[in-house]
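Chain and residue survey
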Amino acid sequence: MEDKKYTFEELCALSGLSSRTLRYYIQIGLVDKPIGQTRAAHYVSSHLEKIIRIKQLSESGISLERIREVLSGEPLPLPERSKRPGHVEVRSHLWVADGIELQVSPETAELSPEQLRQFLKGVLQAYEQVKKDSQ
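Here goes a summary of the coordinates provided.

Definitions and limits used
- Residues numbered from 1 in each chain as written.
- Predicted model: local features only at pLDDT ≥ 70, side-chain atom pairs only at ≥ 80, totals over all residues.
- Heavy atoms only, no water.
- Helix = DSSP H or I, 4+ residues; strand = E, 2+ residues; numbered from the N terminus.
- Rg over C-alpha atoms; globule rule 2.2 N^0.38 Å.
- Contact = heavy atoms within 4.5 Å.
- Lys, Arg positive; Asp, Glu negative; His and termini not counted.
- Charge placed at Lys NZ, Arg CZ, Asp CG, Glu CD.
- Phe/Tyr/Trp six-rings, centres within 6.5 Å; stacked < 30°, edge-to-face > 60°.
- Buried < 20%, exposed > 50% of the residue type's maximum accessible area, 1.4 Å probe, protein only.
- Salt bridge = Lys/Arg side-chain N within 4 Å of Asp/Glu carboxyl O.
- Pairing = 2+ DSSP bridges.
- Core = buried A, V, L, I, M, F, W, Y, C linked by side-chain atoms within 4.5 Å.
- Axes fitted to C-alpha atoms, helices over the stretch in contact; angles between N-to-C directions.
- Parallel < 35°, antiparallel > 145°, perpendicular 65-115°, else oblique.
- Nonpolar A, V, L, I, M, F, W, Y, C, P; charged D, E, K, R; others polar.

A short note on the overall build of the protein
- Scanning the protein for helices and strands turns up 6 helices and 2 strands.
- Ordered by position in the sequence, the α and β elements of the protein form the string α-α-α-α-β-β-α-α.
- On C-alpha atoms alone, the protein measures out to a radius of gyration of 26 Å, which is more than a quarter above the 14 Å that the 2.2 N^0.38 rule sets for 135 residues.
- Taken over the C-alpha atoms alone, the protein extends approximately 85 × 35 × 30 Å along its principal axes.
- Within the protein, residue pairs in contact and separated by at least 24 positions form 39% of the contacts whose partners lie at least 6 positions apart.
- Charge centroids of the protein, computed over 19 positive and 19 negative side chains, lie 5 Å from each other.

Remarks on the packing of aromatic side chains
- The full count for this structure, using the stated rule, is 1 aromatic pair.
- Judged by centre distance (6.3 Å) and plane angle (50°), the ring pair of Phe8 and Tyr43 falls under tilted. A residue pair is termed long-range when its members are at least 10 positions apart, and Phe8 in helix H1 (residues 8-15) and Tyr43 in the loop between helix H2 (19-27) and helix H3 (45-59) qualify at 35 residues.
- Residue classification places Tyr43 among the buried positions, given a relative accessible area of 5%.

Thoughts on the pattern of salt bridges
- The full count for this structure, using the stated rule, is 3 salt bridges.
- Residue Arg66 pairs with Glu69 through a salt bridge whose shortest N-O separation is 2.9 Å. Here Glu69 and Arg66 lie together in helix H4 (residues 64-71), a separation of 3 residues that amounts to about one turn.
- Look at Glu69 and you get partly exposed, because its relative accessible area is 28%.

A short note on the pairing of strand S1 (residues 92-97)
- The pairing of S1 with strand S2 (residues 100-104) spans 5 bridges and is antiparallel. When the sheet's bridge partners are listed, Ser92 is paired in S2 with Val104.
- The antiparallel hairpin formed by S1 and S2 contains 2 residues in its connecting segment, where Gly99 sits at a positive phi of about 85°.

Here's the deal with the side chain of His42
- Within the fold, His42 resides in the loop between H2 and H3.
- Accessibility expressed as a relative area gives 17% for His42, which makes it buried.
- Excluding its chain neighbours within four sequence positions, the residues that come into contact with His42 are Lys5, Tyr6, Pro34 and Ile35.

Quick look at the nonpolar core
- Counting residues in each nonpolar core, the largest one holds 17 residues, and the members touching the most others are Leu11, Leu22 and Val31.
- At the level of secondary structure, the elements contributing two or more residues to this core comprise H1, H2, H3 and H4.
- Considering each element in turn, this core owes the most residues, 4 residues, to H3.
- Of all hydrophobic cores here, the second largest spans 8 residues; its members include Val96, Leu116, Val123 and Tyr127.

A few points about the packing of H1 against H2
- At a minimum axis distance of 10 Å, the contact between H1 and H2 shows a crossing angle of 110°. In terms of orientation, H1 lies roughly perpendicular with respect to H2. Judged by residue contacts, Phe8, Leu11 and Cys12 of H1 engage Ser19, Leu22, Arg23 and Ile26 from H2.
- A per-class count over the contact of H1 with H2 returns 5 nonpolar, 1 polar and 1 charged.

Dropping the structure here:
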């Protein structure tokens, strides 16, 4: 099955990008150059798919440099959820001493309950050692 061929103008129309933006993407290597040269130059479906992906990522606020990394296969980290009124977040509080209190979000820190207990125990031991050394 033969792949559909697109002109430069068709790519702009289908993707919704300006010709200037698409030329820039080609110039910096985000989009591959057309197949063929001069009037015979054309683009195929893979060009269009890549352009649409770039447009989606760009509209999400991702930099062109990061888009280049994502297109080369690097995983795209999930953006942190923005907090809205009514947002509930569970944190563990560890009171160490007057003026020293730690807040830990186990989910964000990716700590299991046992790891969190070990961490907090280590913090208390470090505090006691600092107090002991200063006497």
